[in-house]
Amino acid sequence: MSLVFAYDTYYLIALHVISIFILVLVNAAVWLKAKRIPLLYGYLTVQGILLLWMTSKVLKTVAPNVQLKAIFVVCQYAGVCFLGEAFLVFSFLYSRGRMMPGKYVAALGVPSFVFLVALVTNPAHMLFYSRFDFWGDAFGPVFYVQQAYNYILIAVGMFLCAKTFGRQFGDRRNRWLLFSAAILIPLVVNIVYVFGWFKRVFGFSPPCDITPISCNI
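This is a predicted model, so every value here is computed, not measured.

J.: I tried to follow the pattern of salt bridges on my own but got confused; where do I start?
T.: Two side chains bearing opposite charge may form a pair once their charged atoms approach each other closely. What the rule picks out here adds up to one salt bridge. A salt bridge links aspartate 133 to arginine 131, with the nearest nitrogen and oxygen atoms 3.1 Å apart. For aspartate 133, a relative accessible area of 29% corresponds to the partly exposed category.

J.: Would you mind showing me how to read the pairing of strand S1 (residues 129–133) here?
T.: Within a regular beta strand, the side chains point alternately toward one face of the sheet and then the other, so they alternate between its two faces. Note: S1 against strand S2 (residues 136–139), four bridges, orientation antiparallel. What sits directly across from tyrosine 129, in S2, is phenylalanine 139. The turn joining S1 and S2, which pair antiparallel and follow one another in sequence, is formed by two residues.

J.: What is the right way to read the environment of threonine 121 from this model?
T.: Tracing the backbone through its elements, the reader meets threonine 121 in the loop between helix H5 (102–120) and helix H6 (122–125). Of the residues examined, threonine 121 reaches a relative accessible area of 35% and is grouped as partly exposed. Separated by 2.8 Å, the side chain of threonine 121 and the backbone oxygen of valine 117 make a polar contact. A polar atom in the side chain of threonine 121 sits 3.4 Å from the backbone oxygen of alanine 118.

J.: What is the right way to look at the confidence of the model for the protein chain in this model?
T.: Reading fine detail from the predicted coordinates is not recommended where pLDDT is low. For the protein chain, mean pLDDT is 88; residues scoring 70 or higher make up 97% of the total. Between the elements of the protein chain, mean pLDDT differs from a low of 75, seen in helix H9 (residues 198–202), to a high of 96, seen in H5.

Calculation criteria
- Residues numbered from 1 in each chain as written.
- Predicted model: local features only at pLDDT ≥ 70, side-chain atom pairs only at ≥ 80, totals over all residues.
- Heavy atoms only, no water.
- Salt bridge = Lys/Arg side-chain N within 4 Å of Asp/Glu carboxyl O.
- Buried < 20%, exposed > 50% of the residue type's maximum accessible area, 1.4 Å probe, protein only.
- Pairing = 2+ DSSP bridges.
- Helix = DSSP H or I, 4+ residues; strand = E, 2+ residues; numbered from the N terminus.
- Polar contact = N/O pair within 3.5 Å; in protein donor to acceptor, adjacent residues only side chain to side chain.
- pLDDT = per-residue confidence, 0-100.

This is the structure:
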């Protein structure tokens, strides 16, 4: 094991453990103070996916063999593949005050399920990951299609949230801008990371995908 690999592993685990602690602490406070309404459960569904994502990344990192790594990657994407849909359903409920019709929820989940199946069967076709071994991996074309689908759903959800911020905050434009900018951060971070632009934009490369960590904002 190289020294660089060891440091990257250490920072990945440290960052994610701290982020998991913050996520659990904040959402425990939300649970204790919030009314038990559908909006709360929609919000906690999104947060639960983020928790599964980060926990699976930590377990994947410390897994002693490639077989266990593959299992934890499947656990990770069991959440990630449905993150866009979960966020859009929450955003619809937040902006419209009612649940999205079940037929639309089911229809939105079909592509996500197909992407998850593609990941589970990846060794047979290598389209989700073009390379996957103990030391690293490389994305395949299906991964990018899955990302694009998630981006579209999240972008629509953000638009719905931003419109609702405008109605709720009224003349308090600073709050509207702050909330709207905050929900953009994870999407921007993920795009910059996935397409390898991090070093070009920020001058350094993170030791891991920090998208779920940035979601704590």
